[in-house]
Amino acid sequence: MLRTWLLAAILGSTAVAGSAADVAIVHAKVYPAPGARPLADATVLIHDGRIAAVARHVSLPRGTTVLRCDGCVVMAGFWNAHVHFIEPRWQGVATQDPGTLERQLRDMLERAGFTSVVDTGSDPGVTMALRRRIEQGEVAGPHIRTAGLPLYPEHALPYYLDDLPPALRDALPQPASPGEARAAVEKNLAGGADITKLFTGSIVKPDQIQPMRADIAAAAVAASHRHGALVFSHATNLAGLDVALRSGVDVLAHAPELVDGIDAARVREMARRHVAIIPTLKLFSRDAAIADIRRLVLEAHRAGVPLVFGTDTGFQTDYDISEEFRQLSLAGLGVDDILAMLTTTPAALFRLDAHAGRVARGNDGDLTILGSDPATAGVGAFSDVRYAIRGGRVLFDAARDGGAARPE
Ligand SMILES: [Zn+2]
């Protein structure tokens with residue numbers, strides 16, 4: 001009793017019971033949320049997976065692991081809302097040893113700061129097994145939400161899936177009627193999917209886009225929404241966008257790649273319907289029309305369309321995402337806009353904003369810690385990741401695991 005009292009007196013009233021899971025970052029610059037004033041020389045303490053304190057002076061419980069981080073910048077854990085687990089390395093995920101999986105997850109995601117990801121379409125057997133091992137605590141990894149298998153227009157798989165194993169290709173849902181669309185959605189969600197992904201504009205040849213039938217898309221959206229599941233769309237062009245808008249899709253998984261005919265009225269409709277866009281600009285950075293795509297993204301942002309960060313990592317096998325930040329900056333988005341894309345906007349999209357997306361007492365202990373401040377060093381600093389932390393567990397430590405991929 002006395003010892004406990006003495007300890008409390010010494011540590012101060014903000015002290016919480018110590019545990020092996022306590023982790024703290026001290027003397028850091030902390031961005032509580034986009035647009036909020038940063039705290040200088042602050043301490044963030046994570047206890048039992050949650051943020052227990054964010055303040056100038058915090059008494060650390062005995063046994064707290066203090067992460068070395070001079071001049072570090074602390075932000076809420078980053079989201080990447082467009083990834084895939086489709087590379088050959090994920091085959092056998094159910095039996096691969098934890099160390100191998102952790103290394104792969106680090107290289108693909110956590111090295112870039114991601115503590116939450118959305119898989120917008122992969123073999124569900126792979127993603128579900130990976131997620132199960134992470135959630136059971138056997139493998140350290142990010143939060144994963146998944147679309148399971150995407151839905152495609154009938155007889156209209158994208159040409160870039162030609163190389164898929166035939167068994168997987170044959171399993172891809174191509175509903176021919178609203179009833180088949182409902183059944184495909186129900187099957188996905190029953191199998192553990194969190195969202196639905198629709199190819200409302202499927203690129204069947206490099207110069208040919210096949211839109212999904214509007215009644216089929218609408219049935220898929222209605223079935224998803226009945227279960228509270230968001231619907232993401234690969235729209236590609238004006239026709240694919242119009243199917244997405246008419247059917248009530250929630251998120252465009254890419255900015256439209258072909259912007260012809262997408263006028264101010266369409267942008268206003270996206271804003272009115274609160275349809276979010278994941279720009280994936282690095283993916284389009286070699287397109288002749290990249291400047292037009294960037295202009296559309298900025299126009300949408302100014303009209304009030306929510307923007308969410310995503311890169312199509314996994315389909316893109318080059319994991320360095322500094323080009324995405326460069327493109328967003330070229331589009332005219334500022335540091336606070338990009339931080340919102342990485343944190344508060346995806347948290348709100350998934351209705352997690354009561355406890356995620358901000359560095360605030362009581363929130364999830366998910367942090368992305370940078371070695372420099374994008375507000376002063378430029379957006380390249382978003383790629384200068386020192387730590388990625390999920391629920392107080394350090395997923396990536398640059399000093400331990402090797403530095404983040406840096407822009408040239
Ligand atoms: Zn994708």
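Each value, and the rule that gives it
- Residues numbered from 1 in each chain as written.
- Predicted model: local features only at pLDDT ≥ 70, side-chain atom pairs only at ≥ 80, totals over all residues.
- Heavy atoms only, no water.
- Pairing = 2+ DSSP bridges.
- Helix = DSSP H or I, 4+ residues; strand = E, 2+ residues; numbered from the N terminus.
- Axes fitted to C-alpha atoms, helices over the stretch in contact; angles between N-to-C directions.
- Contact = heavy atoms within 4.5 Å.
- Donors = N, O, S within 2.8 Å, 3.2 Å for Na, K, Ca; no water.
- Buried < 20%, exposed > 50% of the residue type's maximum accessible area, 1.4 Å probe, protein only.
- Disulfide = S-S within 2.5 Å.
- pLDDT = per-residue confidence, 0-100.
- Expected span 1.5 Å × (residues − 1).
- Left-handed = near helix turned anticlockwise from the far one by under 90°.
- Nonpolar A, V, L, I, M, F, W, Y, C, P; charged D, E, K, R; others polar.
- Phe/Tyr/Trp six-rings, centres within 6.5 Å; stacked < 30°, edge-to-face > 60°.

1. A few points about the sheet that holds strand β7 (residues 114-119)
Pairing in this open sheet of three strands is parallel, and the strands run β6-β7-β8 from one edge to the other. Of all strands in the sheet, those bounded by a partner on one side alone are β6 (78-83) and β8 (143-146). Here the strands of the sheet are splayed against their neighbours by 20° on average, with no regard to which way each runs. Sheet contacts for helix α3 (residues 124-135): β7 and β8; angle to β8, the most-contacted strand, approximately 155°.

2. Comments concerning the coordination of the zinc ion
For the zinc ion, the protein coordination sphere consists of H82 (NE2), H84 (NE2) and D312 (OD), at 2.1 to 2.3 Å. Along the chain, the residues donating to the zinc ion fall in the pattern H-x1-H-x227-D. Here H84 is found in the loop between β6 and α2 (98-108), whereas its partner D312 is found in the loop between α9 (290-303) and α10 (322-331), with 228 residues between them in sequence. In this structure D312 comes out as buried when scored by relative accessible area, which is 3%.

3. A short note on the state of the cysteines
One pass over the full model with this rule turns up one disulfide. Paired by a disulfide, C69 and C72 hold their sulfur atoms 1.7 Å apart. Disulfide C69-C72: torsion about the S-S bond near -70°, hence left-handed. Each member of the pair, C69 as well as C72, is classed as buried.

4. Here we look at unusual backbone geometry
The phi torsion at H27 lies on the positive side, around 55°, for a residue other than glycine. Note on placement: H27 falls in strand β1 (residues 23-30). If you check the backbone angles, D48 has positive phi at about 55° while not being a glycine. With respect to the helices and strands, the residue D48 is situated in the loop between β2 (39-47) and β3 (50-55). Judged by relative accessible area, which is 59%, D48 ranks as exposed.

5. Focus: the confidence of the model for the protein chain
For the protein chain, per-residue confidence averages 93 on the pLDDT scale, and 94% of positions sit at 70 or higher. Within the model, the stretch residues 1-19 combines pLDDT values under 50 with 19 contacts to residues more than four positions away or in other chains. Counting interchain partners and residues more than four positions distant, the pLDDT-below-50 stretch residues 404-408 has 10 contacts.

6. Quick word on α9
Given a rise of 1.5 Å per residue, 14 residues ought to cover 20 Å, and the 20 Å separating the end C-alpha atoms of α9 matches this to within 8%. Those residues of α9 not exposed but buried are I290, I293, R294, L296, V297, L298 and A300. Of the surrounding secondary structure, the elements contacted by the buried residues of α9 are α8 (264-272), β14 (276-277) and α10. Trailing α9 by a residue or two, G304 shows a phi angle of about 100°, which is positive.

7. Considerations on the packing of helix α5 (residues 178-190) against helix α6 (residues 214-226)
Running from amino to carboxyl end, α5 crosses α6 at an angle of 35°, the nearest separation of the two axes being 8 Å. Here α5 and α6 pass one another in a crossing that is right-handed. Here α5 contributes P178, A181, R182, V185, E186 and L189 to the contact with α6, which in turn contributes D215, I216, A219, A220, A223, S224 and R226. For the contact of α5 with α6, a count of residues per class yields eight nonpolar, one polar and four charged.

8. Description of the sheet that holds strand β12 (residues 231-233)
In spatial order, the strands read β9-β12-β13-β14; together these four strands make up an open sheet with parallel pairing. Two strands in the sheet have a free side with no partner beyond their single neighbour: β9 (196-198) and β14. Alignment of strand β13 (residues 251-252) against β14, held across two bridges, turns out to be parallel. Of the residues in β14, the one forming a bridge with L252 is I277.

9. So, the packing of aromatic side chains
Under the definition given, this model contains 10 aromatic pairs. Consider the rings of W79 and F350, whose centres lie 5.4 Å apart with planes at 20°: the pair is stacked. Note that W79 is positioned in strand β6 and F350 in the loop between α12 (344-349) and β15 (367-370), a separation of 271 residues in sequence. By relative accessible area, W79 is classed as buried at 3%. Residue classification places F350 among the buried positions, given a relative accessible area of 12%. Members of the aromatic cluster, connected to one another through ring pairs, are F78, F114, F309, F325 and F382.

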